[in-house]
Every structure is written in C-alpha cells, then in structure tokens.
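Listed here are the chains, written in short residue letters.
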Amino acid sequence: MVRHLNLLDPSKIWTWDPASRKPYRGYPKKQLPMWHRYRVELYPHVPGLGIGCGILDKYGYELEFPSTFRQSRRDGKARGIVKVLYGGQS
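Let us look at the structure shown here. (Residues numbered from 1 in each chain as written. Predicted model: local features only at pLDDT ≥ 70, side-chain atom pairs only at ≥ 80, totals over all residues. Heavy atoms only, no water.)

In terms of regular secondary structure, the protein is built from 2 helices and 0 strands. Per-residue burial over the protein gives 23% buried out of 90 residues. Considering only residue pairs separated by 6 or more positions, the protein has 19% of its internal contacts joining residues 24 or more positions apart. Here the protein displays about 7300 Å² of accessible surface, and carbon together with sulfur accounts for 57% of that area. (Helix = DSSP H or I, 4+ residues; strand = E, 2+ residues; numbered from the N terminus. Buried < 20%, exposed > 50% of the residue type's maximum accessible area, 1.4 Å probe, protein only. Contact = heavy atoms within 4.5 Å. Areas by Shrake-Rupley, 256 points an atom, 1.4 Å probe, with all protein chains shown as cover.)

For the rest of this paragraph, the subject is the side chain of glutamine 31. Turning to its location among the elements, glutamine 31 is positioned in the loop between α1 (2-8) and α2 (33-38). Within the local environment of glutamine 31, its side chain forms a polar contact with the backbone oxygen of lysine 29, the two atoms lying 3.4 Å apart. Residue contacts for glutamine 31: discarding those within four places in its chain leaves Ser20, Arg21, Lys22, Tyr24, His36 and Glu41. (Polar contact = N/O pair within 3.5 Å; in protein donor to acceptor, adjacent residues only side chain to side chain.)

Applying the stated criterion across every chain, the model contains 4 aromatic pairs. Aromatic side chains tryptophan 14 and tyrosine 38 sit 6.2 Å apart centroid to centroid with 15° between the ring planes, which places their arrangement in the stacked category. Of the two residues, tryptophan 14 sits in the loop between α1 and α2 while tyrosine 38 sits in helix α2, which places them 24 residues apart along the sequence. Classification of tryptophan 14 as buried rests on a relative accessible area of 14%. Residue classification places tyrosine 38 among the partly exposed residues on the basis of a relative accessible area of 35%. (Phe/Tyr/Trp six-rings, centres within 6.5 Å; stacked < 30°, edge-to-face > 60°.)

Written out as structure tokens, the structure reads:
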C-alpha cells in the first residue's frame, strides 16, 4: 500500500514508520512526514485483512480502526467518537 501511495505522490511522504517521525513546532509529539507536507495524519483501514495502523494498545497489540481512535494516545484512557450527520436523523 505504501509503495502505491508513494507512486502517486511526488513528495513520497507516505509512511507509518515511527522512525520517520520528526519534531514539528508547537506540537509535543513528533509528526509523520505526511503531517509536515500536508498537515494530515491518515491511517489505513482495510476491513478483514487484519492490517493495523501502527498504534499499539497498552498490551502491545496493534489496533485496527476504529479501535485506534477510542483511546487517548497520550495516556491510553478510553474516549468516545462522535459521528456527525448532516441533514437530519439516520
């Protein structure tokens, strides 16, 4: 997947390797190259393939989306996700 993304992007910044993170002014954590270039932090989600996103739970297991966003990276505490719908109820 990374190879395909980098073939499409002239900046070749698509990686989730923790070693590629670098400091960014005003942010407490180091940021991925995609943040430095595009100010986004995207993580792949391919249901059923068991592809994680590089974020580990407190036991060292790699999380899949949306589990990744149900905990704080800072301290591992649980947090919620809000789904915003436009145009009424579903």
